[in-house]
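Topology and contacts: notes
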Amino acid sequence: MDIKTSMGIVLYNRNYRENDKLVKIFTEKAGKKMFFIKHAGKSKLASVIQPLTSADFILKLNKTGLSYIEDYNAVETYRHINQDIFRLAYASYILALADVAIVDDEPDPQLFVFLKKTLDLIEEGLDYEVLTNIFEIQLLDRFGIHLNFHECSFCHRVGLPFDFSHKYSGLLCPQHYHEDQHRNHLDPNLIYLLDQFQVIQFSELRNINLSVDMKQKLRQFIDELYNDYVGIHLKSKSFIDNLNSWGDLMKIQDKT
């Protein structure tokens, strides 16, 4: 058994036997691992094993089977996220995406830092919808999906009013629109944003201000990409879709 100290983010927990729990934690140094918590309700760990909790953990790691949490400190509970159903829904979806994007027991410190920073910015109050879009686009590589939103697939020119082609899994410039009769007919500004999302560093973000119309276009197209290329169907994403419908209905009712 290996003893290791690492920052970690709790992805989820579930009941195990009568009073115990299994807790999935994404750790910075050891990747995703499942931990066994005995008598969880009475354990000193009860408050720190809730989803969307980050802490510095002292861990007993097994190469096979379950691992154990020895102790913890520097706990962060994302108070603002947990107090807002919309922020919480998007943050939960981001956790679920990170969980399915990589296999257990393989360290991915770059993704860990990216996930932690995304949650920190949602907690800070930046636009959770756009932060989620950025996370989704940059996570495509983890699923083996490498899309180029920067240049034409044929002539490799840049800076033009591009459209996206599923046939070629890339962009078409006006000179090559004819290569795919079923191209997406996207707003070129959407393509520009996706190109920026692929490379943007969160340290560059001071504020995010996109129109409702553009955010809807982004959501629709990114959903299309995930359906066609990734093929995952997460309950947390379905909840967001339903939540957004409820939110739209509430706005309509407020106006009447």
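These lines cover the structure that appears in this document, whether it is placed above or below. For clarity, every value in this text was computed on a predicted model and none was experimentally measured. (Residues numbered from 1 in each chain as written. Predicted model: local features only at pLDDT ≥ 70, side-chain atom pairs only at ≥ 80, totals over all residues. Heavy atoms only, no water.)

**Notes on the pairing of strand β5 (residues 68-76)**
As judged from the six bridges shared by strand β4 (residues 54-61) and β5, these two strands associate in the antiparallel manner. Directly across from Ile 58, in β5, lies its bridge partner Asp 71. Between β4 and β5, which pair antiparallel and follow one another directly, the connecting turn spans six residues, one of which, Gly 65, has a positive phi of 80°. (Pairing = 2+ DSSP bridges. Helix = DSSP H or I, 4+ residues; strand = E, 2+ residues; numbered from the N terminus.)

**A look at the sheet that holds β5**
Read across the open sheet, the five strands follow the order β3-β2-β1-β4-β5; overall the sheet is antiparallel. Edge positions in the open sheet fall to β3 (31-37) and β5, since each of these has one partner strand only. Adjacent strand axes in the sheet meet at a mean angle of 40°, parallel and antiparallel pairs treated alike. Across eight bridges, the pairing between strand β1 (residues 2-16) and strand β2 (residues 20-27) is antiparallel. Counterpart to Gly 8 in the pairing with β2 is Thr 27. The strands touched by helix α2 (residues 85-101) within the sheet are β1, β2 and β3, with β1 carrying the most contacts at an inclination of about 115°. (Axes fitted to C-alpha atoms, helices over the stretch in contact; angles between N-to-C directions. Contact = heavy atoms within 4.5 Å.)

**Notes on the sheet that holds strand β6 (residues 148-152)**
What the three strands build is an open sheet, ordered β6-β8-β7; its pairing is mixed. In this open sheet, the two edge strands, each paired with only one partner strand, are β6 and β7 (163-165). Each adjacent strand pair in this sheet contributes to an overall mean axis angle of 45°, direction not counted. In this fold helix α5 (residues 188-199) packs onto β6, β7 and β8 (170-172), with an angle of close to 120° to the strand it touches most, β6.

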